[in-house]
Amino acid sequence: MLFELCLILLLIILYVIYVKRRYFSLHGSLPGLSPHFLFGNLIQAGVLFRNISVPNALRQFKARYGDVFQFWLGSSRIIVVSGVEDVQHVLTHRHIYDKGALSTRTFSILFPDAIVCCKGAKYKRHAAYILTLFRRTKVMANLDLMIDHVDKLLVRWRANDIDIIHQNILQQCQYLVLGIFGFIAFDYDLEILNGEDFTGNELTQALQDFVSAFQFLLFSPSFISSIYLKFNSRYRRAREVIKRHLYQIIEQELTENEESLANRKRTCFIASLVTSLQENESLEASKPEEDKKGLSRQEVLDEMLLFLVAGFETTATALAWFIHLMSKHPRVQSKIKAELASNGGTTQDITQDRLDSLVYLDCVVNEVLRFCPPLLAAVRTVGVDDVLPQSGAQLHEGDEVLIPIHNLARDTRLWSIDPDLFYPERFLEADKNHHPYALLPFSTGHRQCIGQDLARFELKVLAARLMQNVTFTDGGPQVNSGGHFARVSVMPKHIGVKISFDY
Ligand code: HEM
């Protein structure tokens, strides 16, 4: 018995040594820090137990190891590439660098049939139906809806005591963006801004539970994520509720007459997607991918869940950063207000033309996305061995390449005005013609963010409406210290602002 136990122990030790050597040791000539078993570099970089955010950890590693280095994000080995010409090479050579397996592995646990997990012919089929949803004209048709939602939030703020320090700005931004998302995606009122406590209705709660479950998956190995989701009854209930609502909404859409459907297609995702539903799903499923047409119901459900995860938290995070940065930079706030006051219309009027003329506000939105990019990175998988042009680094088929958006945005070689300064005027002055790959909040090229027009438009509308009405002031060095909190997006950790109405 003792012998058998010792043998089993020995086998386990040998297996751990094998896994450590095979998967958790530096490969090739690229620099990096020898990783720990399972945790990779996360403990050494301070991400685990020392509260250092992943963007800051990658920045420190870059200072230590240069523009190209190996990094273990938990159990995943990635090659971080920060030299701007190498970045341009990776993002423009789509036949060598395709969507990163690191992200598709995570996403496919939740929505295997959404565009983010598709490649090749399946990607083309999905893209044909999905990309049209985000056309500029469709996005702009939601202007009044967005303004109405901000106005509802303003009513709530007006009822508060002026000296209150709002420390739940991030959550409030999430409720605001989620409420708007309910209409744009489903043409459905989540009623989130109606009640006292932002609870909304059954679907609101389910959407929030679904997003919370997603947070856990980010840095966990896929098998742990799958087990977690299998036993997470809250997640499973949320998915069922969303599915039930979505299928009901689809049935409802199918009963609409052609004229009303055409009308609703102008603004609402689901109304557009119903027209791409396959008439005979089992027939389409039996065809080779190249011959398939339309989307199945399951695919439509997965796309909607993806839009929720990809679009809601990122945009809310950017808005929360905007509010935090405004409270720290009263000069910038005054300039936005002056621009709003000087370009015609009544003080409360926001039209498309008026928005287009707000050049300074564009600079502020750009600067918020540069200074605090909501997403950490774009990830690509190397399809064939390649050498990077700037660093000369040798990459091998199957390597995962991570482009750290934050590092590029703060690289002193790429910005004439100190990149650690929050200074929107840079886009009108010395940094007007910055390198296009220095600023990549939505990434670029094949597989760039498909929702960027919507996100940019939404941010500008929400920021303009807020600035027409209120001023944010710093709630104090501790409660309003910013800092990073990395979930799906890189969120501000501490925001504490006072809100005063301008009239
Ligand atoms: C401020 C808000 C947003 C930011 C900063 C952002 C940023 C990004 C980034 C960096 C990527 C990765 C691109 C790559 O790998 O090259 C991405 C992908 C994506 N985004 Fe966004 N995004 C935002 C809002 C949205 C919205 C509103 C939607 C839709 C409702 C959306 C949908 C997507 C989708 C579907 C992808 C995957 C595209 C693909 O795999 O082909 N995003 N986003």
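Residues numbered from 1 in each chain as written. Predicted model: local features only at pLDDT ≥ 70, side-chain atom pairs only at ≥ 80, totals over all residues. Heavy atoms only, no water.

Now, about the sheet that holds strand E1 (residues 68–73): what can you tell me, with residues and values included?
With mixed pairing, five strands are arranged side by side in an open sheet as E1-E2-E7-E4-E3. Looking at strand neighbours, the two that pair on one side only are E1 and strand E3 (97–99), the edges of this open sheet. When strand polarity is set aside, the average angle formed by the axes of neighbouring strands in this sheet is 40 degrees. Judged from the five bridges that link them, strand E4 (residues 377–382) and strand E7 (residues 400–404) form a sheet pairing that is antiparallel. Directly across from Thr381, in E7, lies its bridge partner Glu400. With respect to the sheet, helix H2 (residues 54–65) is in contact with E1, strand E2 (76–81) and E7, its orientation differing from that of E1 by roughly 145 degrees. Contacting E1, E2, E3, E4 and E7, helix H3 (residues 84–92) crosses the sheet at an angle of about 125 degrees to E7. (Pairing = 2+ DSSP bridges. Helix = DSSP H or I, 4+ residues; strand = E, 2+ residues; numbered from the N terminus. Axes fitted to C-alpha atoms, helices over the stretch in contact; angles between N-to-C directions. Contact = heavy atoms within 4.5 Å.)

Please provide a residue-by-residue account of the side chain of Thr314, values included.
For Thr314, the position within the fold is in helix H15 (residues 297–328). In terms of polar contacts, Thr314 uses its side chain to reach the backbone carbonyl oxygen of Gly311, at 3.2 Å. The contacts of Thr314, once residues within four sequence positions are left out, are Pro374, Leu375 and Ser489. (Polar contact = N/O pair within 3.5 Å; in protein donor to acceptor, adjacent residues only side chain to side chain.)

How would you summarise the site of the ligand if you had to cite specific residues and measurements?
In the vicinity of the ligand there are 24 residues, among which Lys99, Arg380, Ser443, Arg447 and Cys449 approach most closely. The contact in question runs from an oxygen atom of the ligand to an N or O atom on the side chain of Arg380, over 2.6 Å. In this structure, an oxygen atom belonging to the ligand sits 2.5 Å away from a side-chain N or O atom of Ser443. If you tally residues by element for the shell around the ligand, the top one is H15, at six residues. Taken together, the residues of the shell around the ligand break down into 15 nonpolar, six polar and three charged. (Near = heavy atom within 4 Å. Nonpolar A, V, L, I, M, F, W, Y, C, P; charged D, E, K, R; others polar.)

Explain helix H8 (residues 169–186) to me, and be specific about the residues and the numbers.
Here H8 contains 18 residues, and its C-alpha end-to-end distance of 25 Å stays within 8% of the 26 Å for a straight helix at 1.5 Å per residue. Burial analysis of H8 places 16 of its 18 residues in the buried class, which makes it a mostly covered element. Of the residues trailing H8, Asp187 is marked for its positive phi of about 55 degrees. (Expected span 1.5 Å × (residues − 1). Buried < 20%, exposed > 50% of the residue type's maximum accessible area, 1.4 Å probe, protein only.)

Break down the UniProt feature "binding site: heme" (unreviewed entry) in the chain for me, with residues and values.
In this structure's numbering, the residues bearing the UniProt feature "binding site: heme" (unreviewed entry) are Cys449. Position of Cys449 relative to the elements: it lies in the loop between helix H19 (405–409) and helix H20 (452–469). (UniProt positions renumbered as here; feature names shortened; annotations may be inferred.)

Got a sec to walk through the packing of aromatic side chains? Specific residues and values, please.
Applying the stated criterion across every chain yields a total of 14 aromatic pairs. Geometrically, the ring pair formed by Trp157 and Phe472 is edge-to-face, given 6.0 Å between the ring centres and 85 degrees between the ring planes. Residue Trp157 is found in helix H7 (residues 143–158), and its partner Phe472 is found in strand E8 (residues 470–474); the two are separated by 315 residues along the sequence. Here the two residues Trp157 and Phe472 agree in accessibility, since each one is buried. For the ring pair Phe371 and Phe422, a centre distance of 5.6 Å and an interplane angle of 70 degrees mean the geometry is edge-to-face. Here the residue Phe371 occupies a position in helix H18 (residues 359–371), and Phe422 occupies one in the loop between H19 and H20, the gap between them amounting to 51 residues. Feature note: the residues Phe61, Tyr65, Phe69 and Phe71 constitute an aromatic cluster, connected by ring pairs. Seen from the ring of Trp415, Arg370 lies directly overhead, with NZ or CZ sitting 5.3 Å from the centre. Geometry around Phe371 places Arg410 over its ring, the cationic atom sitting 4.1 Å from the centre. (Phe/Tyr/Trp six-rings, centres within 6.5 Å; stacked < 30°, edge-to-face > 60°. Lys NZ or Arg CZ within 6 Å of the ring centre and 35° of its normal.)

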